[in-house]
Amino acid sequence: QVQLEDSGGGLVQAGDSLRLSCAASGRGFGGRIMGWFRQVPGKGREFVAAITNGGTTNYADSVQGRFTISRDNVKNTVALQMSSLKPEDTATYYCAASSSVLTADKYFAAKYDSWGQGTQVTVSS
């Protein structure tokens, strides 16, 4: 089981940039699909971005071109670089790890079996 600790959230203004980090410990980081999800009160967790062990990335349409996910398989870390932030990006962001081997599963929160504690991102207009 891999343990995740995400960090880097904060209060920023629209148009600013922010970088979220996720540190993994325990066994099994390598080979796992790593993802970022976000959640606002009263709603389910929304897919933001994912990256495979080999570096293939996928993004939600709402963040495509503004967010970049990356991973370091030596340091066991995952990052989400967010730029041109909008007020609608305000949410709690979660790092997650999936042991699924099915490519389509990367978009679904239910297919991830390890989660960080979440980090709050607030974008003011």
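Before reading on, note that the structure itself is shown above.
Because the structure is a prediction, the values reported are computed rather than measured. (Residues numbered from 1 in each chain as written. Predicted model: local features only at pLDDT ≥ 70, side-chain atom pairs only at ≥ 80, totals over all residues. Heavy atoms only, no water.)

*Asks:* Where do I start with the overall build of the protein chain in this structure?
*Replies:* In terms of helices and strands, the protein chain carries 0 helices and 11 strands. Order of helices (α) and strands (β) in the protein chain, N terminus to C terminus: β-β-β-β-β-β-β-β-β-β-β. For a compact globule of 125 residues, the expected C-alpha radius of gyration is about 14 Å, and the protein chain comes in at 13 Å, within 12% of that figure. The principal-axis extents of the C-alpha atoms in the protein chain amount to approximately 40 × 25 × 25 Å. (Helix = DSSP H or I, 4+ residues; strand = E, 2+ residues; numbered from the N terminus. Rg over C-alpha atoms; globule rule 2.2 N^0.38 Å.)

*Asks:* Even after reading the chapter, I still don't get the environment of A50, so can you show me in this structure?
*Replies:* Along the polypeptide, A50 turns up in strand β5 (residues 46–51). Residues A50 and F67 lie 17 residues apart in sequence; the distance between their C-alpha atoms is 11 Å. When near neighbours in sequence (up to four residues on either side) are disregarded, A50 contacts I33, M34, G35, T56, T57, N58, I69, K106 and Y112. (Contact = heavy atoms within 4.5 Å.)

*Asks:* Before we go on, may I ask you to explain the sheet that holds strand β1 (residues 2–7) in this structure?
*Replies:* By definition, the strands of a sheet pair up through backbone hydrogen bonds, in either a parallel or an antiparallel sense. Taken in spatial order, the 4 strands make up an open sheet running β1-β3-β8-β7, and their pairing is antiparallel. Looking along the sheet, the strands with just one partner apiece sit at the ends: β1 and β7 (67–72). Averaged over all pairs of adjacent strands, the angle between their axes in this sheet comes to 15°, without regard to strand direction. Examined bridge by bridge, strand β3 (residues 18–26) and strand β8 (residues 77–82) share 6 bridges and lie antiparallel to one another. (Pairing = 2+ DSSP bridges. Axes fitted to C-alpha atoms, helices over the stretch in contact; angles between N-to-C directions.)

*Asks:* How do you make sense of the environment of D61 when you look at a structure like this?
*Replies:* Looking at the secondary structure, you find D61 in the loop between β6 (57–59) and β7. Overall, the relative accessible area of 75% leaves D61 in the exposed class. (Buried < 20%, exposed > 50% of the residue type's maximum accessible area, 1.4 Å probe, protein only.)

*Asks:* Just checking my understanding: could you explain the nonpolar core for this structure?
*Replies:* One recurring pattern in soluble globular proteins is that nonpolar side chains are buried together. The biggest cluster of nonpolar side chains holds 34 residues, and the ones touching the most others in it are W36, L80, M82 and Y93. Contributing elements (two or more residues each) for this core: β1, β3, β4 (33–39), β5, β7, β8, β9 (91–98) and β11 (119–124). Setting aside residues no more than four positions away along its own chain, M82 makes contact with D16, S17, L18, L20, R66, F67, Y93 and V121. (Core = buried A, V, L, I, M, F, W, Y, C linked by side-chain atoms within 4.5 Å.)

*Asks:* Any chance you could explain unusual backbone geometry here in plain terms?
*Replies:* In most cases, non-glycine residues show a negative phi, while peptide bonds are predominantly trans. At N76, a position not held by glycine, the phi torsion is positive, near 60°. With respect to the helices and strands, the residue N76 is situated in the loop between β7 and β8. On the accessibility criterion, N76 (22% relative accessible area) is partly exposed. At S84, a residue that is not glycine, the phi angle is positive and equals roughly 50°. Examined against the element boundaries, S84 turns out to sit in the loop between β8 and β9.

*Asks:* Quick question: what am I supposed to make of the packing of aromatic side chains here?
*Replies:* How two aromatic rings sit relative to each other is set out by the distance from centre to centre and by the angle between their planes. Throughout the structure, instances matching the rule amount to 6 aromatic pairs. Ring centres of F37 and Y112 lie 4.9 Å apart, and the angle between their planes is 75°; this geometry places the pair in the edge-to-face category. With F37 in strand β4 and Y112 in the loop between β9 and β10 (114–115), this residue pair connects regions lying 75 residues apart in the sequence. Like F37, the residue Y112 is buried in the burial classification. One aromatic cluster is present, formed by F37, F47, Y94, Y107, Y112 and W115 through successive ring pairs. (Phe/Tyr/Trp six-rings, centres within 6.5 Å; stacked < 30°, edge-to-face > 60°.)

It is worth stressing that arrangement in space is one thing and function is another; only the former is reported here.
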